[in-house]
Amino acid sequence: MKNSAPTLAAGLLIFSALVVGTRFNAPTQRGATANDSMVFGSRETVGATGNGRVVLPQNQVITPAGRQVELPKMRPQALALSPDGKWLVTAGKTHDLVVIDPQNGTVLQKIALPSEKSLPGDGKPESTDAPVSSHILQPDAEGQLSFTGLVFSPDGTRIYLSNVNGSIKVFSVDGGKISGLFSIALPDANAPRRKKEIPAGLALSLDGKRLYVALNLSNALLEMDAASGKILRRFEVGALPYDVVLTGRKAYVSNWGGRRPDAKSTTGPAGRGTLVRVDKRYIASEGSVSVVDLETGQVTKEILAGKHASALALSPDGRHLVVANAGDDTLSVLDTRLDKIVETIPLRDTDGLFGASPDALTFAPSGDVLFAALGGRNAVAQIAFRAGRSRVRGLIPTGWFPGAVVCDAPRQSLYVANIKGFGSGLPPAPGAPVKFNSHQYFGTLSLIPLPNEVDLQHFTQVVRWNARQNVIQAALLPARKGQAPRPVPERVGEPSVFKHVVYVIKENRTYDQVFGDIKEGNGDPSLCIFGENVTPNQHKMVREFALLDNTYCSGILSADGHQWADSGITTDYMERSFAGFPRSYPDGMDENDIDAMAYSPGGFIWDNVLKHGKTLRDYGEFTIDEVGWKDPKRKPAPKFLDYYRDFVDNTGLTKIGSRPAIESLRPYIKTDTVGWNMSVPDVLRAARFIEELKKYEETGNFPNFIIICLPNDHTSGTSLGSPTPAAQVADNDLAFGRIVEAISHSKFWKDTCIFAIEDDPQSGWDHVSGYRTTAYCISPYTKRGVTVGTQYNTTSILRTMEQILGLPPMNQFDASATPMFDCFIDQSNVKPFDAVPNLVPLDQMNPSPAAILDKVLREDALVSATLNFLEVDKAPEDILNRIIWRSVKGSQVPYPEWAISMVEEDEE
């Protein structure tokens, strides 16, 4: 095996001439304008700007090449071209199989699920030791959901699609029409907390008679009769099998989670009670390929590859198998005669930072060109393939997070499925209102003519510019000696005036919902529901310090929002999990959804803090609550008023505690507070922090990095037994105000900076962008009484905290972020912040539905009672948003319909 450094330095020589220091002239894509947002201090807003250009909420811009096929309401994750080249089909987070004419991009058909019927056959397996499938179509309320797995039969008459809800969907291709045929229900999985199997990659034998299915939950490969659905054989493979390819008498299976753990392995949860091998940070640490001899029926070998081994591509001559290692930003090349790795192809840029995320592969029929979709770079890498001497020739710009790629040699074209497509909402249409809701999934396909050498070099520059490669290079410049301390040092390692950073993560509000009533900012008062009468402290903060009115969440819900908030990136596994979250909903605060596969190999912010010798304290983030009555025999479980009165009256009847969701956090969490649990008031969380702050004042050892989870602005709708939405937001506001007050009156105020942001915007309404949110920068060096319109996002806060604490970037996204220089001045003003009383009673409870006279509001209360607020994001967000709107505005004020979610809710 030949080892390569994890950068493109050796393979992509054309890059070396493109960047000198931090000077980089922005190339323009033909027909596109210069990328003016890619400089510090930009005031550009997130969203479509016209001419095919979209500004994303995590520092990047997309200017995709070729023709864009728009797929509203969809996240396309799988793609297949018919053998005759007539049909291009795609599926993913949608209810349909979508059929496209690859010649012109016209959407020809949207085919609903196959009708419910039994498969032909007797339902008995041909091997005596194989499990039996029921062969009955299972109800599929969530629609056509797929990690991956979409193939045509060799003769082009059938299409097979993996559905993560435990089945294979089968379609017929007959002349000019594709139709749904039937559904093959797979055997139940053997996972502790889920029965439905999760099929992933699919492969068919050359004669089309045998179908091979990667069983992602059961860690197995299934061989089936393609016509009848009978199970023929089952092979035990590695952890989380993802893709499968056939060559000769062998099947190769990529294992997302690597080898199965053994007794000596350090393990971490991987969803549904399963385990994977992890490193000392408790982040998944392997990927592998299982080799199955189909003649003997034996698994003959398991080959270690890179982390998150996912997509597979077999060279046309069958000699080499390429594995996409999304967690290492590399490709592994296996010699299929030797079954060993003979080359590792690096796909990071020259900076060496994690985040390229190769997640899909395809060969040109000639075999000398390989294409790799780079989800994190919004690009496809074109690779001159020659095992042992492969090199990256250049990059082709795509839509947001490409996740599938097909080469059409006769048309000299490349087809790419962009999972996140255009991102938030819909591109502007003449005469129509712009839709900004962050859950309005809008995937795309890019139909790209294969570029010549000149175009490829131009495209490469476009991709690098869109990814802010110049900013990344600047972020890695070495510290200079003799620099005076400043609030945010220009380079990592240069001194800061701050010794302590406090990071508050709140839950699920947009800017307009809270600050739309502030005339100094870019707000829409008609959309404001939690204005100054509900959030007086937050309004006071942004008036006394800085109002940030152009800051965005990088995530859209808690599962990816907390990954962005704590890691500054999401993985390929996380992005594909939007297909119904079949393995986990990895928000970090639900015992059943802890998932080491979702965590970035680049690490969390606390890993970065500890690695570089800084001290840490965690108040609730990535913890599991342990709450209830102190008397275990007392029933029923306490509700909000029980916890609130116990806290106010100090009666000691309830217990409040937590344990780590990630084992590496155990020494650093405060165990008598909680993260997610909206029955526990935020003012109690604040009190627990303030109690310990006073102890730190006595000892003088206030940690360098404090992280606080403050979630109750999420609200519990209008359900009986919960506070009103306004009361829960007021609780959050008062708690936040008390935390800031306590720090600003402490001995640590002079060298402490407080940052806060929502983890996600909860599918909320905002007149600028569904990603826009409330954010806070509070310190003695923060500018006072100004509005800062610089474009920031979640990664900007992470980057700023890293600059202050002397921490290098964790990945390409925090490295490319704009530090919040514009929020600070060099002169200190130590005037403290004084919290103000709440204007809405914190124990203002939702009334009984029977006591509500308004029919619509009464119905809202009844619906709220059916929603799950005990677990994170289990309440459908569009329903909850409407309830919240009417709880404040009343039933007669029309809901802003352009904020309606265009997709089905992500429920399990």
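Before reading further, recall that the structure is shown in the block above.
Figured I'd write up the structure that's included with this text. (Residues numbered from 1 in each chain as written. Predicted model: local features only at pLDDT ≥ 70, side-chain atom pairs only at ≥ 80, totals over all residues. Heavy atoms only, no water.)

Overview of the sheet that holds strand β16 (residues 231–236)
So, point 1. The four strands are arranged β13-β14-β15-β16 in an open sheet whose pairing can be described as antiparallel. Two strands bound the open sheet, and with one partner strand each, they are β13 (199–204) and β16. On average, each strand axis in the sheet is tilted by 20° relative to the strand beside it, whichever way the strands run. (Pairing = 2+ DSSP bridges. Helix = DSSP H or I, 4+ residues; strand = E, 2+ residues; numbered from the N terminus. Axes fitted to C-alpha atoms, helices over the stretch in contact; angles between N-to-C directions.)

What to know about helix α13 (residues 855–866)
So, point 1. Spanning 12 residues, α13 covers 17 Å between terminal C-alpha atoms, matching the ideal 16 Å at 1.5 Å per step.
So, point 2. Every buried residue of α13 is accounted for by Asp860, Ala861 and Ser864. Relative to the axis of α13, the buried residues are bounded by an arc of 100° and lie together on one face. For α13, the exposed residues lying more than 90 degrees away from the buried face are Lys855, Ala865 and Thr866.
So, point 3. Buried positions along α13 lie against α14 (877–889).
So, point 4. Looking at where α13 begins, the residue whose side-chain oxygen comes 2.9 Å from the main-chain nitrogen of Val856 is Asp854. (Expected span 1.5 Å × (residues − 1). Buried < 20%, exposed > 50% of the residue type's maximum accessible area, 1.4 Å probe, protein only. Arc of directions from axis to C-beta. Contact = heavy atoms within 4.5 Å. Polar contact = N/O pair within 3.5 Å; in protein donor to acceptor, adjacent residues only side chain to side chain.)

Describing the side chain of Ser796
So, point 1. Relative to the helices and strands, Ser796 is located in helix α11 (residues 794–805).
So, point 2. When sequence neighbours within four positions are dropped, the list of residues in contact with Ser796 reads Ala817, Thr818 and Met820.

What about the packing of α13 against α14?
So, point 1. With their axes 10 Å apart at the nearest point, α13 and α14 run at an angle of 140° to one another. Looking at the two axes, α13 sits oblique to α14. Read as a crossing pair, α13 and α14 show a hand that is left-handed. In contact with Val856, Leu857, Asp860, Val863 and Ser864 of α13, α14 contributes Ile879, Ile883 and Arg886.
So, point 2. A per-class count over the contact of α13 with α14 returns five nonpolar, one polar and two charged. (Parallel < 35°, antiparallel > 145°, perpendicular 65-115°, else oblique. Left-handed = near helix turned anticlockwise from the far one by under 90°. Nonpolar A, V, L, I, M, F, W, Y, C, P; charged D, E, K, R; others polar.)

So, the state of the cysteines
So, point 1. In this structure the tally under the stated criterion is zero disulfides.
So, point 2. Take Cys777: it sits in no disulfide, and the sulfur closest to it among the cysteines is that of Cys753, at 4.3 Å. (Disulfide = S-S within 2.5 Å.)

Some words on the pairing of strand β23 (residues 309–314)
For a regular strand, side chains alternate in direction, first toward one face of the sheet and then toward the other.
So, point 1. Within β23, five of the six residues are buried, which leaves it mostly tucked inside the rest of the structure.
So, point 2. Taken together, the four bridges between β23 and strand β24 (residues 320–325) define a ladder with antiparallel strand orientation. Looking across to β24, one finds that Ala313 is bridged to Val322.
So, point 3. Linking β23 to β24, which pair antiparallel, is a turn of five residues; within it Gly318 sits at a positive phi near 75°.

What to know about the packing of aromatic side chains
So, point 1. Under the criterion given, the structure shown has 28 aromatic pairs.
So, point 2. When the ring of Trp256 is compared with that of Tyr573, the centres are 5.0 Å apart and the planes differ by 65°; the resulting orientation is edge-to-face. Of this pair, Trp256 sits in the loop between β18 (250–255) and β19 (267–269) while Tyr573 sits in helix α6 (residues 572–576), and the two are 317 residues apart along the sequence. For the pair Trp256 and Tyr573, a shared accessibility class is recorded, and that class is buried.
So, point 3. Grouping aromatic residues by their ring pairs yields a cluster made of Phe147, Tyr242, Trp256 and Tyr573.
So, point 4. Sitting over the ring of Phe833, Lys540 keeps its end group 4.5 Å from the ring centre. (Phe/Tyr/Trp six-rings, centres within 6.5 Å; stacked < 30°, edge-to-face > 60°. Lys NZ or Arg CZ within 6 Å of the ring centre and 35° of its normal.)

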